[in-house]
Amino acid sequence: SQSANVMSPRELSLRFLPMLCGVTAQMLEEGSTLLRRMEICVAEAEKRNGKNTVNMQETFTVYLVETRPMDAVAEGRNQAPDSLWRRYSEFELLRNYLLVTYPYIVVPPLPEKRAEFVWHKLSADNMDPDFVERRRVGLENFLLRVASHPVLSNDKILHHFLIEEHGWKEVVYETGFQAKADSRLRALSATFRVRNPDKRFMEMKHYSDELQSHTSQLLRARARVADRLYGVYKVHGNYGRVFSEWSAMEKEMGDGLQSAGHHMDAYAASIDDILEEEEHYADQLKEYLFYAEALRAVCRKHELTQFEFEMASQELVSKKQQHEELSTGIVRTFSFKGMTNKLFGQEAPEQREARLKLLEDLIAEGEEDVQEKTVEEHVERAWVDMHRFKEQKDKDLREALINYAVMQISMCKKGIQMWSNAKECFLKM
Amino acid sequence: VGHLFCFREAGLTNGTPVETSSPASTSSLLNRLQLDDDLEADIRDPYAEAAETRDLFVTVDDPKKHVSTMETYITYRVSTKTSRVEFDLPEYCVRRRYQDFDWLRIKLEDSQPTHLIPPLPEKFVMKGVVDRFSEDFVETRMKALDKFLKRVADHPVLSFNPHLNTFLTTKDLNKRQGLALLSKVGESVKHVAGGYKLRARPAEFGAMGEYLDTFNQKLGTIDRIAQRILKEQSEYLTELREYGTVYSSWAGSEDELRRPLEGVGGCVTTCCGALEDLGDGMSQDILPVLREYVLYIESMKSVLRKRDQSQAEYEGRLEAAVLRKQEDRTPMPLEVEKCQDKVECFNADLKADWERWQSNKRHDFKQLLTGMADKNINHYEKCQAAWESLITLLQDKQTEDKTSETN
């Protein structure tokens, strides 16, 4: 279904590109990200019918992903872009793959699955054209962010996603990423039992909680404000009607009243566009609400790797101790084996040898496991990306706030215009 | 009777202009300029002329509370400046309470039954519900009393009424109060006694009655809408305040973003203040005037009724005289002719007053609605200024950062 926007999807994406994506010429210069080589956009949305996993008919939306080599664009060759259709669920699959494969990266979020923080006029229906349109913009934004990321943009699966329509899902599953995903339980356990997590990461995790809390509070409050503001504007429409009725019984005052009434109607109607535009601001806030979660995921991954390192270290110490006890016969700590040995006599030399050998193998394995390297690698890479994220966030949100102020100014100007028009009519009464 | 038709003034308030809310803003300045321009172009309201010929200026201000053993009440200063010969001195200054204004109105109604007397603000207020001594209530009432007195002083006939003179000049009005109560009872009895059956009410008076009824309805609707808007704005304000605090609390957990977030929170707070002012302005300046017009309509309707009565009386006497004439051939009695004169006089006075009332109404509503528009414009201007200064602040910081980066 063709969107009824005045701006074309391309214009819309170009307009919001600096705002939503934070991708500047400067960024394109640094590092050769995918976006530098390829122009990407999510051009359209369409409804499809098909069978779902339980073989029932369903209606869903597909999005057209268009790509074009950057040099073709630069040379002005009006080449038709390559394109393919993707569903939201495929975007989700891509993202899940990236989350598992790059646990040290703050992975850009997708637009929301269901409409949340709605104020009364907005439909919470996923099929609503406005919702679909905003989702289209959000999906494009996701791709642009991923494609401009110094690490993520090099991923082969990402490239496939953009270019190979069929068989992409199979390729993703073949990577076996799902098996690498950390179990929730294990991650939770790590959070509670880790002993020496990196302080910076704990601070960052705390910050991610704050960010999430504040953005969601703000989104809720904004929705309530929008609801009330809508009411204020719409009630003014009643002036339009009563002025019109009144004007019918007046002589000199009639014309002035009548035209003033029209301006009151216009004023009441103006709130629709104003609030529609504000939705873009809400979408920017939502992006960072979801980004907060991605940030926390990186911190949790650190907790998990640190915890696993601690556990493995502990295991190794214990094995070494057992080995020592067994080889020297000196019991340092209490153990049942030690007790039974004392009570029932020591085991036979062959058994003892076997056990020593086993322990030595385990110790060798353990020493490989206990690679502080894993923890350090994650910390290093994550720290770089978290720093990159922070700069991006500061820049994006600052611009979002400025644009919000611009929207407010525009609303004030419109209000002044309407009331001035009405005033002119009153003066003619 | 002839002089009534000469005065086409709009019954504008003499003395200080009514709009006092925003002295320095460009829009109110423009408003005053525009209003003058408009009035010069308007042939029906020779404001400039009338101002020059005006020779009686009255003002009501300076409310003061008086506490005595019996009661507590408010008095207002009534100042008069005049060059009229009917007054001994060129200036007077007396203190009056609401009761005194009420007395004046009753005396005017009694002595000038064919004229429309402007209304007073409501007499009775429920003690538990409204604070009679609150600043807002006293202020609103005082403005209404000022308007009342100015309208009387601007009226070509009423302003020459001896009771008005007494009201404006006598130090102690209390002695007259007793007489007022008696005379009021007398008059009302007289009015009820007359029959209401009319042969043919002249169409124009019928139309007046219909107009007043419909206008009353419209005013009621406008009042309801204005109140609804106030309610919605108040609820919006509550949410907006909360919204502002979220920005400020978020700022606490940020470093680079702290300034922009605090800035936005600050702007929202400023807008809350502006909105509050708008609401106060509406309830103090707009709503009372609407209600006052409802009272005005009631006064007008009562005058119409009196006119009807006087016509009914005349018709009754005429009928009786005609019958007698048929019987004993006596000439038309003098009193019937007197009655006829009375009706014609009443009709003429009423028509003139109606025109004046219509003109006043037009001016008053023009001022009221323009004032309402100005308040809204002013509100948006304040908000716009706040947001614009935020952008300047943030963009300055941005260029500041950029230059420090390149340096």
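Model, not experiment: these values are computed from the prediction.

Definitions and limits used
Residues numbered from 1 in each chain as written. Chains lettered and ligands numbered in written order. Predicted model: local features only at pLDDT ≥ 70, side-chain atom pairs only at ≥ 80, totals over all residues. Heavy atoms only, no water. Helix = DSSP H or I, 4+ residues; strand = E, 2+ residues; numbered from the N terminus. Buried < 20%, exposed > 50% of the residue type's maximum accessible area, 1.4 Å probe, protein only. Contact = heavy atoms within 4.5 Å. Areas by Shrake-Rupley, 256 points an atom, 1.4 Å probe, with all protein chains shown as cover. Pairing = 2+ DSSP bridges. Axes fitted to C-alpha atoms, helices over the stretch in contact; angles between N-to-C directions. Polar contact = N/O pair within 3.5 Å; in protein donor to acceptor, adjacent residues only side chain to side chain. Salt bridge = Lys/Arg side-chain N within 4 Å of Asp/Glu carboxyl O. Buried area = accessible area lost by both parts, 1.4 Å probe. pLDDT = per-residue confidence, 0-100. Parallel < 35°, antiparallel > 145°, perpendicular 65-115°, else oblique. Nonpolar A, V, L, I, M, F, W, Y, C, P; charged D, E, K, R; others polar. Phe/Tyr/Trp six-rings, centres within 6.5 Å; stacked < 30°, edge-to-face > 60°. Core = buried A, V, L, I, M, F, W, Y, C linked by side-chain atoms within 4.5 Å. Left-handed = near helix turned anticlockwise from the far one by under 90°.

Participant: Lay out the overall build of chain A with the relevant residues and their values.
Facilitator: Of regular secondary structure, chain A possesses 15 helices and 3 strands. For chain A, with 429 residues in total, the buried portion stands at 48%. Considering only contacts within chain A whose residues lie at least 6 apart along the sequence, 77% involve residues at least 24 apart. Total accessible area computed for chain A in this model is approximately 21800 Å², and 52% of it derives from carbon and sulfur atoms.

Participant: I'd love a proper account of the sheet that holds strand 3 (residues 91–97) of chain B, names of residues and values included.
Facilitator: Residues and elements named next belong to chain B. On the basis of which strands lie adjacent, the open sheet formed by 3 strands has the order 1-2-3 and antiparallel pairing. Of all the strands in the sheet, just strand 1 (56–67) and strand 3 have a single pairing partner and so form its edges. For this sheet the average axis-to-axis angle between neighbouring strands, irrespective of direction, equals 20°. Bridging between strand 1 and strand 2 (residues 72–82) involves 10 bridges; their strand directions are antiparallel.

Participant: So, helix 5 (residues 162–169) of chain B: which residues are in play, and what are the values?
Facilitator: Residue and element names in this part refer to chain B. Summarising burial for helix 5: 6 of the 8 residues are buried, a large majority. Those residues of helix 5 lying buried are L164, N165, T166, F167, L168 and T169. In this fold, the buried residues of helix 5 make contact with strand 1, strand 2, strand 3, helix 3 (98–111) and helix 4 (135–154). Looking at where helix 5 begins, the residue whose side-chain oxygen comes 2.8 Å from the main-chain nitrogen of H163 is N161.

Participant: Just give me the short version of the pattern of salt bridges, but keep the residues and values in it.
Facilitator: This structure, assessed with the given rule, holds 58 salt bridges over all chains. Residues D62 of chain B and K64 of chain B are paired through a salt bridge, measuring 3.2 Å at the closest nitrogen-oxygen approach. When its relative accessible area of 25% is taken as the criterion, D62 of chain B is described as partly exposed. For E292 of chain B, the salt bridge goes to R151 of chain B, with nearest N and O atoms at 2.9 Å. Of this pair, E292 of chain B sits in helix 8 (residues 258–328) while R151 of chain B sits in helix 4, placing them 141 residues apart in sequence. Here E292 of chain B falls in the buried class, since its relative accessible area comes to 9%. Assessed through its relative accessible area of 8%, R151 of chain B is described here as buried. It is possible to trace a salt-bridge network through shared partners that takes in R134, R222, E278, E279 and D283 of chain A.

Participant: Before we move on, could you go through the interface of chain B and chain A and cite the residues and values that matter?
Facilitator: Listed per partner, the contact involves 60 residues of chain B and 55 residues of chain A. Interface area for chain B against chain A, summed over the two sides, is near 5600 Å², with a carbon-plus-sulfur share of 73%. Considering only the surface of chain B that becomes buried against chain A, Y243, W250 and Y380 of chain B emerge as the three largest contributors, covering 13% of it. When the shortest N-O distance is used, the salt bridge between K390 of chain A and D255 of chain B registers 3.1 Å. The tally of links between chain B and chain A comes to 18 residue pairs in polar contact (both at pLDDT 80 or more). Elements that contribute at least two residues to the side of chain B that touches chain A include exactly helix 1 (26–41), helix 7 (203–251), helix 8 and helix 9 (334–406) of chain B. The leading source of residues in the side of chain B that touches chain A is helix 9 of chain B, at 23 residues.

Participant: Describe the sheet that holds strand 2 (residues 57–69) of chain A, with residues and values.
Facilitator: Residues and elements named next belong to chain A. The strand order across the open sheet formed by 3 strands is 1-2-3, and the pairing between neighbours is antiparallel. Strand pairing shows two members of the sheet lacking a second neighbour, strand 1 (38–51) and strand 3 (82–87), which therefore form its edges. Adjacent strand axes in the sheet meet at a mean angle of 25°, parallel and antiparallel pairs treated alike. Sheet analysis places strand 2 next to strand 3, joined by 6 bridges and oriented antiparallel.

Participant: Describe the confidence of the model for chain A, naming the residues involved and giving the relevant values.
Facilitator: The predicted coordinates should not be examined in detail at positions where pLDDT is low. All names here are of chain A. This prediction gives chain A a mean pLDDT of 84; 85% of its residues lie at or above 70. At the level of individual helices and strands, chain A shows its lowest average pLDDT in helix 2 (residues 25–29), which scores 44, and its highest in helix 11 (residues 199–248), which scores 95. Long-range and interchain partners of residues 1–7, a stretch whose pLDDT sits below 50, account for 7 contacts in this model, where long-range means more than four residues apart. Counting contacts from residues 10–31, a segment whose pLDDT is below 50, to residues more than four positions away or on other chains yields 45 contacts.

Participant: Now, about the packing of helix 5 (residues 88–101) of chain A against helix 7 (residues 156–163) of chain A: what can you tell me, with residues and values included?
Facilitator: Residues and elements named next belong to chain A. Interhelical geometry of helix 5 versus helix 7 gives an angle of 170° and a closest axis separation of 10 Å. Classed by the angle they form, the pair helix 5 and helix 7 counts as roughly antiparallel. Every residue of helix 7 that contacts helix 5 at E90, F91, L94 and Y97 is listed here: I157, L158 and F161. Its residues assigned to classes, the contact of helix 5 with helix 7 shows 6 nonpolar, no polar and 1 charged.

Participant: Go over the confidence of the model for chain B with me, naming the residues and quoting the values.
Facilitator: All names here are of chain B. Here chain B shows a mean pLDDT of 80. Residues at 70 or above account for 76%. Taken element by element, the predicted model of chain B shows its lowest mean pLDDT in helix 1 (42) and its highest in helix 7 (94). In this model, residues 1–49 is a region of pLDDT below 50 whose contacts with residues beyond four sequence positions or in other chains number 70 contacts. The model gives residues 179–195 a pLDDT under 50, and that stretch makes 10 contacts with residues more than four places away or in other chains. The ipTM for the predicted assembly is 0.83, set against a pTM of 0.78.

Participant: Describe the packing of aromatic side chains, naming the residues involved and giving the relevant values.
Facilitator: Scanning the model with the defined rule gives 33 aromatic pairs over all chains in all. Ring centres of Y404 of chain A and Y243 of chain B lie 6.5 Å apart, and the angle between their planes is 70°; this geometry places the pair in the edge-to-face category. Of this pair, Y404 of chain A sits in helix 15 (residues 372–427) while Y243 of chain B sits in helix 7, which puts the two residues in different chains. Since its relative accessible area comes to 4%, Y404 of chain A is described here as buried. Ring geometry for Y293 of chain B versus Y296 of chain B: centroids 5.4 Å apart, planes at 50°, classification tilted. Residue Y293 of chain B and its partner Y296 of chain B are both found in helix 8; the two are separated by 3 residues, about one turn of the helix.

Participant: Can you explain the pairing of strand 1 of chain A? Please cite residues and give values.
Facilitator: Residue and element names in this part refer to chain A. Judged from the 13 bridges that link them, strand 1 and strand 2 form a sheet pairing that is antiparallel. Directly across from E44, in strand 2, lies its bridge partner L64. Taking the residues between adjacent antiparallel strands as the criterion, strand 1 and strand 2 are bridged by 5 residues, where N55 takes a positive phi near 60°.

Participant: Go over the nonpolar core, please, and point to the residues and values.
Facilitator: Formed by 155 residues in total, the largest nonpolar core has its most connected members in Y239 and F243 of chain A together with W357 of chain B. Ranked by residue count, the leading element in this core is helix 15 of chain A, at 21 residues. Core analysis: the second largest hydrophobic core is formed by 28 residues, V78, L108, I117 and F148 of chain B among them.

Participant: Can you lay out the packing of helix 11 of chain A against helix 7 of chain B for me, pointing to particular residues and giving the numbers?
Facilitator: Contact pair helix 11 of chain A / helix 7 of chain B: the axes reach a minimum separation of 9 Å and the direction vectors enclose 165°. Classified by the angle their axes make, helix 11 of chain A and helix 7 of chain B are roughly antiparallel. Between helix 11 of chain A and helix 7 of chain B lies a crossing whose hand is left-handed. Taken together, the residues of the contact of helix 11 of chain A with helix 7 of chain B sort by class into 23 nonpolar, 9 polar and 10 charged.

Participant: Tell me what's going on with the environment of F161 of chain A, and back it up with residues and numbers.
Facilitator: Residue position: F161 of chain A is located in helix 7. Not counting the four nearest positions on each side in its chain, F161 of chain A is found in contact with L84, R86, E90, F91, L94, L143 and W168 of chain A.

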